Amino acid sequence: MVNLSDREISAAIVESCRAGDRDAFRVLYDLYKDRVYSISLYFFHGDRSEASEATQQVFLKLMTSIGQFRGEAEFSTWLYRLVVNACMDAARRRRAEPIAADRPRLEAFGRGSSQEDDYARAQMAESVRSAVWALPTKFRIAVLLRYFEDLSYEQMAEALHCSVGTVASRLSRGHRMLAERLKDLVGTKG
Amino acid sequence: MLRLGIAVCAVVALALGQGFTFTIGNPVASQDFQAKSAAFVFRTEGCADPAKSQIGGTAEGVVKGARRSISLKVVATSRPGVYAVYQNWPGEGDWVVNLKGTCANASAGAVVPIGPKGFVRESAKFFPRAATDAEIETSLKAIAQGGSK
Amino acid sequence: MTMFTRHVSRQLGALLDGELAEQEARRVETHVAQCASCRGEREQVQLGMEILRRLPPVEAPDAIWVGIEAALEEHRSRRVWAIRWWRLAFAASLILALAGGTYWSVRRGAGQWIETDSVSSITLKVGQIGSVEIAPNTRLRVVTARPGEHRLALARGEIRAKISAPPRLFFVDTASGTAVDLGCEYTLNTDEDGLGLLRVTKGWVSFQWKGLESLVPAGAMCRTQPHIGPGIPCFEDAPESLKKALETNSLDTILAEARVRDTLTLWHLLSRVAVEDRARVYDRIASLTPVPTGVTREQALKLDPETLRRWKDELAWTW
């Protein structure tokens, strides 16, 4: 995945988006869509419908509230704050719903996918996805954000509305929980 | 013996040809909110690997006596093998949607008439190959004459 | 050289990510070298990072952009009256103003009533996600108006909602249930007694009340009653005899008149009829369209949720 720095997201593109330039918005969308979708998809354990909802929500909010981006924080930090909010809000809604809503079946990854022809790799990936899903939401969003976006701890603190120390703690604990769950699958060192 | 051979060949041919088909439905069937404004949705069946199928089609119509053909806007939904068809043809005139697809060596086709209230399921026709021009024209004539059954 | 006497669990991730200042990183490393427990935890964190590398990135489907474009297009092409809310000490009257880009004000809008007279209708913009046309003789209240939730309470009258947003952002409460938008256009009307009628023209709506839910797709309608909640949905083009039979609870007629498409009605009936009648409803659905793999009669009659959901998913292709 391309990881453009914000210096490459020129002020002109953001300004154009603010002016309602659909082409500029499409540029932004194309730059970030896969990362946003991937984070959402793994956050919701492969639920493509939820991931699509969250992704669309993020970009609609981005487009309609881009006037609020004043440039004091980097653009991607602001964007990922939207991603965190969308994922965490949806997670809270799912917990709060009293009846079983009409949720589409989780799509089994790797089934028929050209990316994972190897059965063992597919099984491993499924185990990892399940382990990520088992993380508490605060740890889950932190590890996914770090992994897919490679934000600095300071940027993550902004996106997650917490301190740098809390980011460090959540990442450490999140990674250790994954290791604890899957150590037999991946193999421990020494 | 010859009859048996022919029968076996017929069964095999039937089995092979029966594989790949379309089923059309109301957008609710996709369970994908992004398809809510679609004209209709459809799914492929009998395709071992939906990700490798090729799907497309045209909207065929007659507007003020002039014959029109427009490339169809077909978008994959979040469910493998399920697609949404969005209306990109004008509201005036008589229209049918001509769907076609391939999966490995199999083909499928469908002609779906569009009425004033949306797609006309009862008049849709399905084929084990792309529809012929004659089949499309037949459906168009039926729609133009107000026939929906 | 200072050695940490406290463990450094919280800093291990930052150490491996290169996020610690040089001096602190040295101190943490020194501690780890001499502390088996922290050494073990560092290996765990390292393993966790290694595990995450098994997650491949996934390409976003094209449908997402199509949905965004559609939402932006509707947002741009709609001409609306912007409503500016003022705190009103007495009257329930409105002040209408045409002001481009003015939306419900969270500070002012929530809690305020809107009431139209016998000849006026107005259109409200719902944040960035759609609009609501309010018919004459309608009274409703803005309950919430914020990006994560837009909620109205319809006391009486009729509204027509056109929403272009992910599901579950827009809700309309009535005395007999809540319409949960799942991405759609619909008309909802209710009278002073709470009797209501929901008609969906695009997408689909979930009408919910105290655990009871009716799914209403485009082309279908659903009545609601106070203290009872959402009724059984049926298609607008269903036989009149079937619609009447729904009102009079005549199961025999409903079953006899149902077409393939009316499995929408029958599926909802399955969990609402008396236990002894369930088998008849099941058999009727099964006679109209093949029962999918994974759905058994036994589980369906027990109203097993997964079974019913699976069956609905398949039946939806006939609606």
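Please read all numbers here as calculations on a predicted model, not as lab measurements.

Okay, the overall build of chain B next. On a plain count of helices and strands, chain B comes out with two helices and 10 strands. Helices (α) and strands (β) of chain B occur, in sequence order from the N terminus, as α-β-β-β-β-β-β-β-β-β-β-α. Across the 149 residues in chain B, those meeting the buried criterion constitute 44%. Considering only intrachain contacts with a sequence separation of at least 6, the fraction spanning at least 24 residues in chain B is 58%.

Each helix and strand in chain C was counted, giving 11 helices and 14 strands. Relative to its full complement of 319 residues, chain C shows a buried share of 40%.

Residues and elements named next belong to chain C. The pairing of strand 3 (residues 113-115) with strand 6 (residues 139-146) spans three bridges and is antiparallel. Across the sheet, the residue bridging to Ile114 is Leu140, located in strand 6. Pairing of strand 6 with strand 7 (residues 149-163), which is carried by seven bridges, proceeds in the antiparallel orientation. In the strand pairing of strand 7, Ala145 is matched with His150.

Here we come to the environment of Leu28 of chain A. All names here are of chain A. Following the sequence through the fold, Leu28 ends up in helix 2 (residues 22-43). Overall, the presence of 20 C-beta atoms within 10 Å leaves Leu28 in the buried class. Non-local contacts of Leu28, meaning those with residues more than four positions away in its chain, are made with Ile13 and Cys17.

Moving on, we get to helix 1 (residues 9-16) of chain C. Here helix 1 of chain C has its buried residues at Gln11, Leu12, Gly13, Ala14 and Leu15 of chain C. A positive backbone phi angle near 70° is found at Gly18 of chain C, which sits one or two residues after helix 1 of chain C.

Attention now moves to the interface of chain C and chain A. Counting residues at the interface gives 44 residues for chain C, matched by 50 residues for chain A. Sorting the residues of the side of chain C that touches chain A by element identifies helix 1, helix 3 (36-52), helix 4 (62-77), strand 11 (212-217) and helix 11 (305-315) of chain C as the ones contributing at least two each. Residue contributions to the side of chain C that touches chain A peak at 10 residues, all from helix 3 of chain C. In terms of residue class, the side of chain C that touches chain A is built from 24 nonpolar, 10 polar and 10 charged.

Residue and element names in this part refer to chain B. Pairing in this open sheet of four strands is antiparallel, and the strands run 1-2-6-5 from one edge to the other. Of all the strands in the sheet, the pair left with one neighbour each is strand 1 (21-25) and strand 5 (73-76). Averaged over all adjacent pairs, the angle separating strand axes in this sheet is 30°, with direction ignored. Direction of pairing for strand 1 relative to strand 2 (residues 40-45): antiparallel, over a ladder of five bridges. Paired with Phe22 across the bridge in strand 2 is Thr44.

Take helix 6 (residues 137-149) of chain A next. Residues and elements named next belong to chain A. Helix length check: helix 6 (13 residues) gives 17 Å between terminal C-alpha atoms against 18 Å at 1.5 Å per residue, within 8%. Summarising burial for helix 6: 11 of the 13 residues are buried, a large majority. Remark: Asp150 follows helix 6 within two positions and exhibits a positive phi of approximately 55°.

This part covers the environment of Val167 of chain A. All names here are of chain A. If you trace the backbone, Val167 turns up in helix 8 (residues 164-186). A count of 27 C-beta atoms within 10 Å places Val167 in the buried class. Through-space distance from the C-alpha of Val167 to that of Ser152 is 9.9 Å; in sequence the pair is 15 residues apart. Among residues more than four places away in sequence, those in contact with Val167 are Ala142, Tyr153, Met156, Ala157, Leu160 and Cys162.

On to the packing of helix 1 (residues 11-18) of chain A against helix 2 of chain A, then. Residue and element names in this part refer to chain A. Close contact between helix 1 and helix 2 brings their axes to 7 Å; oriented N to C, the two are set at 125°. On the basis of the axis angle, helix 1 is oblique to helix 2. The chirality of how helix 1 crosses helix 2 is left-handed. Note on element contacts: helix 2 touches helix 1 through Ala24, Phe25, Val27 and Leu28, opposite Ile13, Ser16 and Cys17. Partitioning the contact of helix 1 with helix 2 into residue classes produces six nonpolar, one polar and no charged.

Residues and elements named next belong to chain B. The backbone of Gln31 sits at a positive phi, close to 55°, despite the residue not being glycine. Considering the arrangement of structural elements, one finds Gln31 in the loop between strand 1 and strand 2. The phi dihedral of Ala104 falls on the positive side, at around 55°, and the residue is not glycine. Considering the arrangement of structural elements, one finds Ala104 in the loop between strand 7 (94-103) and strand 8 (106-115).

What follows covers the pairing of strand 4 (residues 122-126) of chain C. Residues and elements named next belong to chain C. Bridge count between strand 4 and strand 5 (residues 130-134): five bridges; the pairing is antiparallel. Across the sheet, the residue bridging to Val126 is Gly130, located in strand 5. Taking the residues that link successive antiparallel strands as the turn, the strand 4-strand 5 hairpin has three residues, and the phi of Gly127 there is positive, at about 50°.

Of all residues in chain C, 86% attain a pLDDT of 70 or more, and the chain-wide mean is 81. Overall, residues 78-108 of chain C carries pLDDT values under 50, and its contacts beyond four positions in sequence, including any with other chains, amount to 40 contacts.

Okay, the confidence of the model for chain B next. Residues and elements named next belong to chain B. Scored by pLDDT, chain B has a mean of 85; 86% of the residues are at 70 or more. In the model of chain B, helix 1 (residues 2-17) stands out as the element of lowest mean pLDDT, 49, in contrast to strand 10 (residues 125-127), which has the highest, 96. When the criterion is pLDDT under 50, residues 9-17 qualifies, and its contacts beyond four places in sequence or with other chains add up to one contact.

Conventions and cut-offs
Residue numbering note: each chain is counted from 1, following its sequence as written. The lettering of chains begins at A and the numbering of ligands begins at 1, in the order of writing. Totals for whole chains, interfaces and linings use every residue, but because this is a predicted model, local features are given only for residues with pLDDT of at least 70 and side-chain atom pairs only at 80 or more, for both listing and counting. Helix and strand definitions here come from DSSP, where helices need a minimum of 4 consecutive H or I residues and strands a minimum of 2 consecutive E residues; each element is numbered from the N-terminal end. The exposure scheme places C-beta atoms from the backbone and then counts, for each residue, the other C-beta atoms within 10 Å of its own, assigning buried at 20 or more, exposed at 12 or fewer, and partly exposed in between. Any two residues are considered in contact once their C-beta atoms, placed from the backbone, lie within 7 Å. The rule for pairing is simple: two strands pair if DSSP sees at least two bridges between them. For this classification, Asp, Glu, Lys and Arg are treated as charged, while Ala, Val, Leu, Ile, Met, Phe, Trp, Tyr, Cys and Pro are nonpolar and the rest, including Gly, are polar. Inter-axis angles, ranging from 0 to 180 degrees, are taken between N-to-C directions of lines fitted to C-alpha atoms, where helices are fitted over the stretch in contact. The span expected for a helix works out to 1.5 Å for each residue beyond the first. For this classification, under 35 degrees means roughly parallel, over 145 means roughly antiparallel, 65 to 115 means roughly perpendicular, and everything else is oblique. In a left-handed crossing the near helix is turned counterclockwise from the far helix by less than a right angle, and in a right-handed crossing that turn is clockwise. For every residue, the predictor assigns a confidence score, pLDDT, that lies between 0 and 100.

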